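# A structural walkthrough
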Amino acid sequence: MTTEQWTVSGPGDVPEAAAFWAGLAEGRIVLPWCEGCRQTVWLPKAYCPTCLQPVAGSQELAGTGEIYSLTVVHRGEGAWKEHAPYVLAYVALDGGPTMIANLAGDGTGLAIGQRVRLAGVGPLGGALFAPLAE
Amino acid sequence: MQVLARIAGAYEHPMRKNSGTSLQTLYQEIVAGALADAGLRPADIDGLFTSATAGGIPSLAETLGLTGLTHIDGTDLGGATYVGALGHAARAIQAGQCSVALVIMAGMPRLAPSVRNFSVPGPPQVFEDRHGSNMIAQYALVAARHMHEFGTTRRDLAEIKAAASYHASFNPNALLPREVSIEEVLESRPIAEPLHMLDCCVTTDGGGALVIVSDEVARDLGRDCPGIVAEAETIRHWNNGNLDLPDVGAFNTGPRAFAQAGLTPADIDYAGLYDSFTITVLTALEGLGFAERGKGGVFVRDGALRADGRLPFNTDGGGLCNNHPDRRGGMIRTIEAVRQLRGEAHPSVQVADCEFAIVHGSGHQLGTRASAVTAILARSDVR
Ligand SMILES: [Zn+2]
């Protein structure tokens, strides 16, 4: 059993994340919100990891943020092989978590600290960000 | 200083590329090597410390001929598992749960997929997979952030490989037994920028074992038995999206290990540092307190990590050049530290008057889900 086989539906692909993936498909970032802790919950969970109270609501973020770190991957594994070179990143979302992401392009002109916005979905369904127009 | 337990036997299997040996035979050769080094027999072993293995721990006990086990620990901390086992075994011995503990690992990733590849993913892996994350890419993200925040350069990282390769040039068993220049590292092909091919460790088949015993047992053995004087462990993860990648687990485990031992970084003569990638070493140097946060690059620039430097590290060539069996380096980093404390390292890289060694393990993936374990070892005459 390879990791790739599990990614569509497996023990790691939890229903608590369904709203996140559905939102992403519509170009939105929707995350569970803990009212008690006044924070988004990342990764998506049914209970807030800080207070362990049930998460009652959700929050739609602006979909903008800043590149926290990035790497141009030249050697992809599995289904990613054919997409190399591609850019894997962490994006610090405005009002939310620093999340794993893809950046559009091959890395040219991208730098840590740059402002980015959600620009669609990546080659395998991840969150794809692109630089904000100046 | 309290010596928790002692290391009576240490054995690194010479295999680097398997050509048909079964895992069972590999395990048998390893336990035989470690017990011969300690002067003990299978019947003496009452504690077993390992991680997930084919057929589970009972199957491994059958292979090893262990019939009198009274304490078993299968804690899996990735490549840091066997550094953690130093503490787990020492504390089990202190508690009277066992008196002769075997810590053992073997695997052959060049020949067959590891049984330890966590093929049933947890929720983070689903997010990682959909974004094309992989092992080296997660270390690359740490390296890129470190370079951005602190001005660390690829050349700094390359010096770590070059220093390890200098040591490996004295180790005929090393998979990469030759000196590698900084330029070669810089010019090797990029895998996940800023990390290139030669920023990576070698992938080897093989394994090793340690025999850990109580003070009483050690006294009856004719062997030089370095002491375990501290061990601390922790985990880092995505933490609800509050990421600080350069703040690796060593920042937690280093100070705690030094406090346990009553020592400071200045007391350390030799460092066995987990070196899955060059950045793994650089961040550990900062977390353990050998360099200030952000100054790991400055620390290594003048050759500090070389056998004649301020902090000789991985004098066998490390995982970067010698041996990283089953993609898990903690065992071999510990074995070379034992050689140094016994004065049995290669004469060209033996540290003079080596009294205290630190071993740091870093398991899983530095940028997403990582374990960190720090142990401090003392020469056998330190009481
Ligand atoms: Zn909460």
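Residues numbered from 1 in each chain as written. Chains lettered and ligands numbered in written order. Predicted model: local features only at pLDDT ≥ 70, side-chain atom pairs only at ≥ 80, totals over all residues. Heavy atoms only, no water.

## A short note on the overall build of chain A
What chain A contains, in helices and strands, is two helices and eight strands. Start at the N end of chain A and walk to the C end: the helices and strands fall as α-α-β-β-β-β-β-β-β-β. For 134 residues, the compact-globule estimate of 2.2 N^0.38 gives 14 Å, and chain A sits close to it at 15 Å. Projecting the C-alpha coordinates of chain A onto the three principal axes gives extents of approximately 45 × 40 × 25 Å. Pairs at least 24 apart in sequence give 47% of the contacts found in chain A among residues at least 6 apart. Roughly 6,300 Å² of accessible area belongs to chain A as shown, and the carbon and sulfur atoms make up 53% of that amount. The distance from the centre of the 7 positive side-chain charges to the centre of the 12 negative ones in chain A is 2 Å. (Helix = DSSP H or I, 4+ residues; strand = E, 2+ residues; numbered from the N terminus. Rg over C-alpha atoms; globule rule 2.2 N^0.38 Å. Contact = heavy atoms within 4.5 Å. Areas by Shrake-Rupley, 256 points an atom, 1.4 Å probe, with all protein chains shown as cover. Lys, Arg positive; Asp, Glu negative; His and termini not counted. Charge placed at Lys NZ, Arg CZ, Asp CG, Glu CD.)

## Observations concerning the coordination of the zinc ion
Residues and elements named next belong to chain A. Protein coordination of the zinc ion is provided by Cys34 (SG), Cys37 (SG), Cys48 (SG) and Cys51 (SG), with donor distances spanning 2.3 to 2.4 Å. In this structure, the zinc ion is coordinated by four donor atoms arranged in tetrahedral fashion, with angles at the metal of 101 to 116°. Spacing between the donor residues of the zinc ion along their common chain follows C-x2-C-x10-C-x2-C. One end of the pair, cysteine 37, is in the loop between strand E1 (29-34) and strand E2 (39-40); the other, cysteine 48, is in the loop between E2 and strand E3 (57-61), and 11 residues separate them in sequence. In this structure cysteine 37 comes out as partly exposed when scored by relative accessible area, which is 27%. (Donors = N, O, S within 2.8 Å, 3.2 Å for Na, K, Ca; no water. Tetrahedral: all angles 85-135°; square planar, octahedral: opposite > 155°, others 65-115°. Buried < 20%, exposed > 50% of the residue type's maximum accessible area, 1.4 Å probe, protein only.)

## So, the sheet that holds strand E4 (residues 100-107) of chain B
All names here are of chain B. With respect to topology, nine strands assemble into an open sheet ordered E3-E2-E4-E7-E1-E8-E11-E10-E9, the strand pairing being mixed. Looking at which strands have only one partner, the edges of the open sheet turn out to be strand E3 (71-73) and strand E9 (270-273). Across this sheet, the average inter-strand angle for adjacent strands is 20°, counted without regard to direction. As paired elements, strand E1 (residues 5-12) and strand E8 (residues 227-236) share two bridges and run antiparallel to each other. Each bridged residue has a counterpart across the sheet, and for alanine 5 the counterpart in E8 is isoleucine 228. Those strands touched by helix H3 (residues 81-94) are E1, strand E2 (47-49), E3, E4, strand E7 (206-213), E8, strand E10 (356-365) and strand E11 (369-378), and its axis lies near 125° from that of E8. (Pairing = 2+ DSSP bridges. Axes fitted to C-alpha atoms, helices over the stretch in contact; angles between N-to-C directions.)

## What to know about the UniProt feature "domain: ChsH2 C-terminal OB-fold" (unreviewed entry) in chain A
The UniProt entry lists residues 59-119 of chain A under the feature "domain: ChsH2 C-terminal OB-fold" (unreviewed entry), expressed in the numbering used here. For residues 59-119 of chain A, the end-to-end C-alpha separation is 19 Å, with 0% helix and 52% strand making up the annotated structure. (UniProt positions renumbered as here; feature names shortened; annotations may be inferred.)

## Things to note about the pattern of salt bridges
Tallied over the entire structure, the rule returns 31 salt bridges over all chains. With a shortest N-O distance of 2.8 Å, A:Glu60 and A:Arg28 are connected by a salt bridge. With A:Glu60 in strand E3 and A:Arg28 in the loop between helix H2 (18-25) and E1, the pair connects residues that are 32 residues apart, well separated along the chain. The class of A:Arg28 is partly exposed, set by a relative accessible area of 32%. Each of the salt bridges in this network shares a partner with another, and the network as a whole consists of B:Arg6, B:Asp215, B:Arg219 and B:Arg383. (Salt bridge = Lys/Arg side-chain N within 4 Å of Asp/Glu carboxyl O.)

## Considering the side chain of A:Thr64
All names here are of chain A. Here threonine 64 shows up in strand E4 (residues 64-73). The class of threonine 64 is buried, set by a relative accessible area of 17%. Among the polar contacts made by the side chain of threonine 64, one reaches the side chain of aspartate 94 at a distance of 2.5 Å. Discounting chain neighbours no more than four positions away, the residues touching threonine 64 are Leu93, Asp94, Arg115, Val116, Arg117 and Leu132. (Polar contact = N/O pair within 3.5 Å; in protein donor to acceptor, adjacent residues only side chain to side chain.)

## Observations regarding the interface of chain B and chain A
At the interface, 38 residues of chain B touch 43 residues of chain A. Between chain B and chain A, a total of about 3,500 Å² is buried, with carbon and sulfur atoms accounting for 61% of that surface. When the shortest N-O distance is used, the salt bridge between A:Asp13 and B:Arg130 registers 3.0 Å. Our count for the chain B to chain A interface comes out at 20 residue pairs in polar contact (both at pLDDT 80 or more). If you list the elements that add at least two residues to the side of chain B that touches chain A, you get helix H4 (123-130), helix H5 (135-150) and strand E5 (190-192) of chain B. Tallying contributions element by element places H5(B) first for the side of chain B that touches chain A, with eight residues. Across the side of chain B that touches chain A, the residue classes break down as 18 nonpolar, 12 polar and eight charged. (Buried area = accessible area lost by both parts, 1.4 Å probe. Nonpolar A, V, L, I, M, F, W, Y, C, P; charged D, E, K, R; others polar.)

## Here's the deal with the pairing of E1(A)
Residues and elements named next belong to chain A. Most of E1 sits inside the fold, with six of its six residues counted as buried. Of the pairings in the sheet, the one linking E1 to E3 comprises five bridges and is antiparallel in character. Note on E3: the bridge partner recorded for valine 30 is glutamate 60.

## Details of the side chain of B:Asp205
All names here are of chain B. With respect to the helices and strands, the residue aspartate 205 is situated in the loop between strand E6 (195-196) and E7. For the buried aspartate 205, which has no salt bridge, the nearest side chain bearing the opposite charge is arginine 110, at an N-O separation of 4.6 Å. Ignoring sequence-local partners within four residues, the contact set of aspartate 205 consists of Met15, Arg16, Lys17, Asn18, Gly107, Met108, Pro109, Arg110, Leu111, Asn323 and Pro325.

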